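Commentary on secondary and tertiary structure
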Amino acid sequence: MSDTPPDRLSVNPKSPHFNAELLQRGIGIRFKGVQRRDVEEYCMSEGWIRVQLGKKTDRKGDPLTIKLNGPVEAWFETEAAGEGEASEEA
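Residues numbered from 1 in each chain as written. Predicted model: local features only at pLDDT ≥ 70, side-chain atom pairs only at ≥ 80, totals over all residues. Heavy atoms only, no water.

1. Concerning the pairing of strand E6 (residues 63-69)
If a strand is regular, its side chains alternate between the two faces of the sheet. In this sheet, E6 lies alongside strand E5 (residues 48-57) in antiparallel orientation, the contact comprising six bridges. Bridge pairing in E6 places isoleucine 49 opposite leucine 68. What sits between the antiparallel neighbours E5 and E6 is a turn of five residues, in which glycine 61 has the positive phi angle 90°. (Pairing = 2+ DSSP bridges. Helix = DSSP H or I, 4+ residues; strand = E, 2+ residues; numbered from the N terminus.)

Here's what the structure looks like:
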């Protein structure tokens, strides 16, 4: 598995950009130079993140989000399974 996070990822299971395997590894997000832990979705190439707008929900019960524009950096917080073992053998 690659150690580069995808260009776009969402924590919402209804989204086509949702990937549970990648989310289990943990994704770190830095937006405008500040590390954020409240990101619902991000896109590095387009330069935006979506964050929840308080405790508000829509009529389906999903959280309302707001799109913020700016430079986005993403990284994995843990190594992929097997990558640490391969480097020890070499």
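2. As for a nonpolar patch on the surface
A cluster of nonpolar side chains, namely Leu53, Leu64 and Ile66, defines an oily patch on the protein surface of about 210 Å² accessible area. In this fold, leucine 53 is placed in strand E5. Classification of leucine 53 by relative accessible area gives partly exposed; the value is 37%. (Patch = residues over 30% accessible without salt bridge, like charges linked within 9 Å, V, L, I, M, F, W, Y side chains within 5 Å. Areas by Shrake-Rupley, 256 points an atom, 1.4 Å probe, with all protein chains shown as cover. Salt bridge = Lys/Arg side-chain N within 4 Å of Asp/Glu carboxyl O. Buried < 20%, exposed > 50% of the residue type's maximum accessible area, 1.4 Å probe, protein only.)

3. Digging into the nonpolar core
A general tendency of soluble globular proteins is for nonpolar side chains to be buried together. One finds Leu9, Leu22, Ile27, Ile29, Phe31, Val39, Tyr42, Ile49, Val51, Val72, Ala74 and Phe76 forming the largest nonpolar core, which totals twelve residues. Sorting the residues of this core by element identifies strand E2 (27-31), strand E4 (39-43), E5 and strand E7 (72-76) as the ones contributing at least two each. Setting aside residues up to four positions removed in sequence, valine 51 forms contacts with Arg36, Asp38, Val39, Glu40, Leu64, Thr65, Ile66 and Leu68. (Core = buried A, V, L, I, M, F, W, Y, C linked by side-chain atoms within 4.5 Å. Contact = heavy atoms within 4.5 Å.)

4. Focus: the packing of aromatic side chains
The tally for this structure, following the rule as stated, stands at zero aromatic pairs. Here arginine 25 stacks its cationic end above the ring of phenylalanine 76, 3.7 Å away from the centre of that ring. Across from the ring centre of tryptophan 48, 5.8 Å away, lies the NZ or CZ of arginine 50, which sits over that ring. (Phe/Tyr/Trp six-rings, centres within 6.5 Å; stacked < 30°, edge-to-face > 60°. Lys NZ or Arg CZ within 6 Å of the ring centre and 35° of its normal.)

5. What to know about the pairing of E2
The buried count for E2 comes to four of five residues, which makes it a mostly enclosed element. Relative to E7, E2 runs antiparallel, the two being bridged by five bridges. Across the sheet, residue phenylalanine 31 finds its bridge partner in E7, namely valine 72. In this sheet, strand E3 (residues 34-36) lies alongside E2 in antiparallel orientation, the contact comprising three bridges. Bridge pairing links phenylalanine 31 to valine 34 in E3. Hairpin geometry of E2 and E3 is characterised by an intervening segment of two residues between the two adjacent antiparallel strands and by a positive phi of about 55° at lysine 32.

6. Observations regarding unusual backbone geometry
In this structure, lysine 32 takes a positive phi of about 55° despite not being glycine. Following the sequence through the fold, lysine 32 ends up in the loop between E2 and E3.

7. Regarding the sheet that holds E3
Ordered by their spatial adjacency, three strands build an open sheet running E3-E2-E7, and the pairing between neighbours is antiparallel. Taken across any chain shown, the strands that pair with only one partner, and hence form the sheet edges, are E3 and E7. Sheet twist, expressed as the average angle between the axes of neighbouring strands with direction ignored, equals 30°. (Axes fitted to C-alpha atoms, helices over the stretch in contact; angles between N-to-C directions.)

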